[in-house]
Amino acid sequence: MGNILITGSSRGIGAATARVLAAKGHNLCINYNQSQPAADQLVKQVQQLGIKAIAVQADVSQEQQVMALFNAMDEQLGPLTGLVNNAGILLPQMPVEQMDAARINRLLTTNVTSYFLCCKEAIKRMAIKHGGRGGAIVNVSSAAARLGAAGEYVDYAASKGAIDTLTRGLSVEVASQGIRVNCVRPGFIDTKMHTDGGEPDRIERVKSAIPMGRGGTPEEVANAIAWLLSDEASYVTGSFTEIAGGR
Ligand code: NAI
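Residues numbered from 1 in each chain as written. Predicted model: local features only at pLDDT ≥ 70, side-chain atom pairs only at ≥ 80, totals over all residues. Heavy atoms only, no water.

A. Looking closely at the site of the ligand. The ligand sits among 28 residues. The nearest are R11, I13, N86, Y156 and T191. Within the side chain of R11, one N or O atom sits 2.7 Å away from an oxygen atom of the ligand. Compared with its free state, where it exposes 820 Å², the ligand has 94% of that area covered by protein. The set of elements that each furnish at least two residues to the shell around the ligand consists of α1 (12–23), α4 (101–126), α6 (154–173) and α7 (193–196). In terms of residue class, the shell around the ligand is made up of twelve nonpolar, 13 polar and three charged. (Near = heavy atom within 4 Å. Polar contact = N/O pair within 3.5 Å; in protein donor to acceptor, adjacent residues only side chain to side chain. Areas by Shrake-Rupley, 256 points an atom, 1.4 Å probe, with all protein chains shown as cover. Helix = DSSP H or I, 4+ residues; strand = E, 2+ residues; numbered from the N terminus. Nonpolar A, V, L, I, M, F, W, Y, C, P; charged D, E, K, R; others polar.)

B. Quick peek at the pairing of strand β5 (residues 135–140). In terms of burial, β5 is a largely internal element, six of the six residues being buried. Neither face of β5 is exposed, since G135, I137 and N139 on one face and A136, V138 and V140 on the opposite face are all buried. In terms of handedness, the path from strand β4 (residues 82–85) via α4 over to β5 forms a crossover that is right-handed. For β5 and strand β6 (residues 179–186), the ladder comprises six bridges, and the chain directions are parallel. Paired with I137 across the strands is V181, a residue of β6. (Buried < 20%, exposed > 50% of the residue type's maximum accessible area, 1.4 Å probe, protein only. Right-handed = clockwise from strand over helix to strand, strands pointing away. Pairing = 2+ DSSP bridges.)

C. Inspection of the sheet that holds β4 at higher detail. An order of β3-β2-β1-β4-β5-β6-β7 is seen for the seven strands of this open sheet, with the pairing classed as parallel. Among the strands making up the open sheet, the edge pair consists of β3 (53–57) and β7 (240–243). Sheet twist, expressed as the average angle between the axes of neighbouring strands with direction ignored, equals 15 degrees. The pairing of β6 with β7 spans four bridges and is parallel. Bridge assignment links R185 to a residue of β7, and that residue is E242. Where α1 meets the sheet, it contacts β1 (3–6), β2 (27–32), β4 and β6, and its direction lies at approximately 170 degrees from that of β1. (Axes fitted to C-alpha atoms, helices over the stretch in contact; angles between N-to-C directions. Contact = heavy atoms within 4.5 Å.)

D. A look at α4. Compared with an ideal rise of 1.5 Å per residue, which puts 26 residues at 38 Å, α4 spans 36 Å between its outermost C-alpha atoms and is within 8% of the ideal. Of all the bends in α4, the greatest, near 35 degrees, is centred on T109. (Expected span 1.5 Å × (residues − 1). Bend = angle between axes of the 7 residues up to and from the residue.)

E. Examining the pattern of salt bridges more closely. Across all of its chains, the model carries 14 salt bridges by this definition. Note that E121 is salt-bridged to R125, the shortest N-O span being 2.9 Å. Remark: R125 and E121 occur in helix α4; sequence separation between them is four residues, near one turn of the helix. Owing to a relative accessible area of 4%, E121 belongs among the buried residues under this scheme. Measuring nitrogen to oxygen at the nearest pair gives 2.5 Å for the salt bridge that ties R185 to E242. Within this pair, whereas R185 is found in strand β6, its partner E242 is found in strand β7, the two being separated by 57 residues in sequence. Accessibility expressed as a relative area gives 37% for E242, which makes it partly exposed. Salt bridges sharing common partners tie together D74, E121, K124 and R125. (Salt bridge = Lys/Arg side-chain N within 4 Å of Asp/Glu carboxyl O.)

F. Here's a closer look at helix α9 (residues 218–229). Taking 1.5 Å per residue as the helical rise, α9 with its twelve residues ought to reach 16 Å, and the 17 Å between its terminal C-alpha atoms agrees with that figure. Within α9 the residues assigned to the buried category are P218, V221, A222, A224, I225, A226, L228 and L229. Lining the buried residues of α9 we find β1, α1, β4, β5, β6 and β7.

G. Highlighting the nonpolar core. In terms of nonpolar packing, the biggest core is built from 64 residues, with L28, F70, I137, V184 and I225 touching the most fellow members. Here the element with the most residues in this core is α4; it accounts for eight residues. Residues contacting V184, with those up to four places away along its chain left out, are V138, N139, V140, S141, S142, V221, A224, I225, L228, T241 and I243. Counting residues in each nonpolar core, the second largest holds nine residues, with I89, L91, A144 and Y153 among its members. (Core = buried A, V, L, I, M, F, W, Y, C linked by side-chain atoms within 4.5 Å.)

Coordinates in, geometry out; function isn't part of it.
So this is what it looks like as structure tokens:
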């Protein structure tokens with residue numbers, strides 16, 4: 001079984017992914033930025049499934065911290081086989097005409113630069129030409145990349161558009177190196193992220209516009225991520241999995 005790093009995984013989709021991967025027997029590096037108690041609790045929970053797990057603090061938008069995160073994983077868990085780029089932020093809803101550069105740059109650094117930096121460190125470890133054995137990367141994008149999030153957070157939607165392009169380009173760039181790169185595009189998933197966007201009940205408001213008539217659960221996203229990481233998806237790269245109830 002593999003050694004998998006999940007960024008921003010102390011709660012939400014990342015934590016659900018940790019539980020699903022642990023149940024499949026993978027060792028895990030749970031990255032968190034601020035929530036050490038939640039990360040430690042999750043580590044204890046997944047260790048009960050008989051796997052090795054560590055919690056490592058790092059702000060993944062910062063290059064030095066990303067390097068330290070991957071080094072900690074090398075030392076404490078062993079060779080990386082999979083990366084889930086999951087960490088992301090949503091800032092309070094506002095139209096583009098009110099956004100300032102500080103907000104836009106914070107959002108792009110957190111949601112886009114971090115994915116690039118983590119992909120870079122993962123490739124250095126997994127690429128055949130660097131002595132690695134290949135592996136898989138799953139980028140958590142969003143249906144917002146398609147929908148645009150007008151009037152809510154176009155900056156966030158654009159950051160996820162960048163992740164789609166990263167996935168497409170990188171999947172081709174590293175295909176010959178034994179590394180598969182895929183993307184999930186969740187839609188309206190019941191996590192605390194919507195509270196950060198200023199509307200805890202957002203899914204309730206929009207659910208009538210979702211063909212399946214409901215929001216999704218973090219576990220429904222986690223199952224798709226786990227499949228994309230697995231050998232069952234051995235010929236799948238550069239793909240986009242919509243997890244948005246038909247929206
Ligand atoms: P969440 O807010 O529960 O999880 C995001 C995690 O990322 C948090 O634990 C946060 O602390 C962490 N994080 C933020 N900045 C970080 C940094 N600089 N370094 C390390 N960790 C950092 O939200 P959720 O919903 O679980 O989001 C996970 C991913 O799913 C995000 O990329 C999000 O954009 C994406 N997504 C979520 C959807 C939803 O409806 N909840 C829909 C589509 C995509």
